[in-house]
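This is what each chain is made of:
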Amino acid sequence: MDSLSSGPVAEVLKRLHREAEAADAPLTQTYASEMTNAEQAISQIIEAETEDLAGLYHGFAGNFLSVSPEFGRFLYMCARSCKAKRIVEFGSSMGVSAIYMAAALRDMGGGRLIGTDLEPGKAERAWANLAAAGLDDLVEFRVGDARETLKSGVGGGIDMLMLDGAFILYLPILKLLEPHLKPGAIIIGENAFSEASGYIDYVRDPQNGYLSLPLPVDPGRGNEFTVKTK
Ligand SMILES: C[S@@+](CC[C@H](N)C(=O)[O-])C[C@H]1O[C@@H](n2cnc3c(N)ncnc32)[C@H](O)[C@@H]1O
């Protein structure tokens, strides 16, 4: 049995997805009513991110912005299939995606998840959520800008990297962690829109040591699946 299907992890995730839906509903409605199409939404986000990244995300301090249950299950399955021992997450928010990945570590006998977020209040809540799921012993949250918090390394080779922070930083964060990525490592880019930062061009160029494809999980959301080939 896997810990997503029953027990404390399943219970906590059910509660958090419910809380996320309630907390993020006004935001979803604002975007839906203000934007005429996805392209316009993306370019506005990119503009805002470029101008004032910390300010933009501070405005979302009370929002989960978390992965869907389907995407969470996909993360769990990725971690299981690459037998991950060390996972890094850029953008942990309230810890929903971290719970899926840490649950996979637990079900394989242990490991380490290093998460990071700009917002101290979110990291606190993520910590409490991981504890409620009984997974906090597997997780370390670093508070601050990931360009700084991940600079000192992550204690060893990385089996799986989840990119889910400001998407204009996906390429710089990937390059920062590249020396630590194991051959065969899985990299998930959530909302890795091709308009942002050259990330997609980089991971889709085999000369850079990756193979990469758009993901059909949560279609239309710019999700990218990448494998380190060397
Ligand atoms: C989409 S949410 C992450 C959701 C989370 N992965 C989940 O599924 O539960 C993005 C998060 O990235 C964080 N973030 C944005 N830019 C960051 C940066 N430069 N360093 C660290 N965290 C950042 C934001 O504070 C926000 O909580």
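Quick note: structure is the one above.
Throughout what follows, the structure given in this document is the object of discussion. (Residues numbered from 1 in each chain as written. Predicted model: local features only at pLDDT ≥ 70, side-chain atom pairs only at ≥ 80, totals over all residues.)

For the rest of this paragraph, the subject is the packing of helix α4 (residues 69–81) against helix α5 (residues 96–107). Running from N to C, α4 and α5 cross one another at 30°; their axes reach a closest spacing of 8 Å. Between α4 and α5, the interaxial angle falls into the category roughly parallel. Like other packed secondary-structure pairs, α4 and α5 cross with a definite hand, here right-handed. In this structure, α4 uses Gly72, Arg73, Leu75, Tyr76, Ala79 and Arg80 to contact α5, whose residues at the interface are Val96, Ser97, Tyr100, Met101, Ala103, Ala104 and Leu105. Residues of the contact of α4 with α5, tallied by class, amount to nine nonpolar, two polar and two charged. (Axes fitted to C-alpha atoms, helices over the stretch in contact; angles between N-to-C directions. Helix = DSSP H or I, 4+ residues; strand = E, 2+ residues; numbered from the N terminus. Parallel < 35°, antiparallel > 145°, perpendicular 65-115°, else oblique. Left-handed = near helix turned anticlockwise from the far one by under 90°. Contact = placed C-beta atoms within 7 Å. Nonpolar A, V, L, I, M, F, W, Y, C, P; charged D, E, K, R; others polar.)

Residues in contact with the ligand amount to 22 residues; listed here are only the nearest, Ser66, Gly91, Ser93, Val96 and Ser97. Contributing elements (two or more residues each) for the shell around the ligand: α3 (53–58), α5 and β2 (112–117). Its residues assigned to classes, the shell around the ligand comprises 10 nonpolar, seven polar and five charged. (Near = placed C-beta within 6 Å.)

Leu75, Ala79, Ile99, Met101, Ala102, Met160 and Leu161 are the most contacted members of the largest nonpolar core, which totals 63 residues. With nine residues, α5 is the single largest residue contributor to this core. (Core = buried A, V, L, I, M, F, W, Y, C linked by C-beta atoms within 7 Å. Buried ≥ 20, exposed ≤ 12 C-beta atoms within 10 Å, placed from the backbone.)

In this model, α4 (13 residues) spans 18 Å end to end at C-alpha, consistent with the 18 Å of a helix rising 1.5 Å per residue. Looking at α4, one finds that the buried residues are Phe71, Gly72, Phe74, Leu75, Tyr76, Cys78 and Ala79. In the core, the buried residues of α4 are packed alongside β1 (86–90), α5, β4 (158–163) and β5 (181–189). Phi turns positive one or two residues past the end of α4, at Lys83, with a value near 50°. (Expected span 1.5 Å × (residues − 1).)

Attention shifts here to helix α8 (residues 170–177). Every buried residue belonging to α8 is among Tyr170, Leu171, Ile173, Leu174 and Leu177, and all of these are buried. When α8 is viewed along its axis, its buried side chains cluster within an angular range of 165° and face the same direction. Here the buried face of α8 lies against β1, α7 (146–149), β4, β5 and α9 (199–203). (Arc of directions from axis to C-beta.)

Further remarks concern the environment of Ala25. Within the secondary structure, Ala25 is located in helix α1 (residues 8–34). On the neighbour-count criterion, Ala25 (10 C-beta atoms within 10 Å) is exposed. Between the C-alpha atoms of Ala25 and Asn63, which are 38 residues apart in sequence, the distance is 9.4 Å.

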